[in-house]
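Residue strings, one per chain:
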Amino acid sequence: IEEALSWCDNRHQGFRAELRQCQAHVAAATGDPDGAVRHLREAIGVAIPAGDPDLLVNLYLDIAAMFLRTGATKAAIAEVEEGINLVTSGEGSDALGGPKSLWRLVVRLAELYRALDKNRSALLLALKALRHAERARSALGLSRVHSILANLYEKEHHPDKAAHHRAAAVDQMRQLGDRRS
């Protein structure tokens, strides 16, 4: 990886960021979560001027995963929120636009809040994630978000809404399966 990095110049910032991401994965696989976080921060710093919002989404999801491995849920939340703000130019999860993969960050944030038993916040974020998954026309995203909404509505004692979202999740998975066959 170091040799490949040595060949990268300023015209290849996205590739340089992906190589740093690879270093992070190697560090994580060898039991070095701090090293993984360091490499991911370097990757984010390189990816910002590269202007690839989908790469940034993946990097922020990875860094959140590293923090979760060490039990630092609040740090994971802070990273995901930063990622959302970065890829939406500060508009946050309420943004009308953003990269097609934005739903992934927003649904991860909902899951993190759910893990802290902040179900109301998780529910509001999941509804925003649903809007972003619809905008991206992601059957996988829609299925995943509907499934999370079903669980959240169940916890909030809204069985009709839970049933609606569970059926929508199944329907989206069927559509996804139909596309692949």
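Residues numbered from 1 in each chain as written. Predicted model: local features only at pLDDT ≥ 70, side-chain atom pairs only at ≥ 80, totals over all residues. Heavy atoms only, no water.

1. Remarks on the overall build of the protein
Note the following rule: The secondary structure listing takes helices from DSSP runs of H or I that are at least 4 residues long and strands from runs of E that are at least 2 residues long, numbered from the N terminus. To get the radius of gyration, use the C-alpha atoms; to get the globule rule, take the number of residues to the power 0.38 and multiply by 2.2 Å. Categorising residues by exposure relies on relative accessible area from a 1.4 Å probe, with only protein chains included: less than 20% of the type maximum marks a residue as buried, more than 50% marks it as exposed, and the intermediate range marks it as partly exposed. Two residues qualify as a contact provided that any one of their heavy atoms is within 4.5 Å of a heavy atom in the partner residue. His residues and chain termini do not enter the charge count, which takes Lys and Arg as positive and Asp and Glu as negative. Every charge is mapped to an atom, namely NZ of Lys, CZ of Arg, CG of Asp or CD of Glu.
When helices and strands are tallied, the protein shows nine helices and zero strands. Secondary structure elements of the protein, listed N to C terminal, follow the sequence α-α-α-α-α-α-α-α-α. In terms of overall dimensions, the protein is globule-like: its C-alpha atoms have a radius of gyration of 18 Å, near the 16 Å expected for 181 residues. The principal-axis extents of the C-alpha atoms in the protein amount to approximately 55 × 35 × 35 Å. Counting the 181 residues in the protein, one finds 46% classified as buried. Pairs at least 24 residues apart make up 53% of the contacts formed inside the protein by residues separated by at least 6 positions. Averaging the positions of the 24 positive and the 23 negative side-chain charges in the protein gives two centres separated by 4 Å.

2. Remarks on the side chain of His132
Keep this limit in mind: In protein, a polar contact means a hydrogen-donor-capable atom and an acceptor-capable atom, both N or O and within 3.5 Å, with residues adjacent in sequence counting only if both atoms are side-chain atoms; elsewhere, any N or O pair within 3.5 Å suffices.
Inspection of the secondary structure puts His132 in helix H7 (residues 119-136). The exposure class assigned to His132 is buried, which follows from its relative accessible area of 0%. Within the local environment of His132, its side chain forms a polar contact with the backbone oxygen of Ser93, the two atoms lying 3.0 Å apart. Residues contacting His132, with those up to four places away along its chain left out, are Ser93, Ala95, Gly97, Leu102, Trp103 and Val106.

3. Remarks on the environment of Ala95
Relative to the assigned elements, Ala95 resides in the loop between helix H5 (73-87) and helix H6 (102-115). In this structure, the C-alpha to C-alpha distance between Ala95 and Ile84, residues 11 residues apart in sequence, is 9.3 Å. In this structure, Ala95 is in contact with Thr88, Arg131 and His132, ignoring residues within four places of it in sequence.

4. Some details on helix H3 (residues 33-50)
Rule in force here: Expected helix span is taken as 1.5 Å per residue step, with the number of steps being one fewer than the number of residues.
Taking 1.5 Å of rise per residue, 18 residues should cover 26 Å, and H3 covers 25 Å from first to last C-alpha, within 8% of that figure. Within the sequence span of H3, burial applies to Gly35, Ala36, Val37, His39, Leu40, Ala43, Ile44, Val46 and Ala47. Against helix H2 (13-29) and helix H4 (53-69) lie the buried residues of H3. One or two steps after H3, the chain reaches Gly51, where phi turns positive at roughly 75 degrees.

5. A word on helix H8 (residues 139-155)
Owing to its 3.6 residues per turn, the α-helix brings residues three or four apart onto one side. With 17 residues, H8 extends 24 Å from end C-alpha to end C-alpha; this agrees with the ideal 24 Å at 1.5 Å per step. Of the residues one or two after H8, His157 is the one with positive phi, at around 65 degrees.

6. A few points about unusual backbone geometry
Despite not being glycine, Arg137 shows a phi value in the positive range, around 55 degrees. Within the secondary structure, Arg137 is located in the loop between H7 and H8. You can call Arg137 exposed: its relative accessible area is 72%. Positive phi, close to 65 degrees, is recorded for His157, a residue that is not glycine. You can see His157 is positioned in the loop between H8 and helix H9 (159-180).

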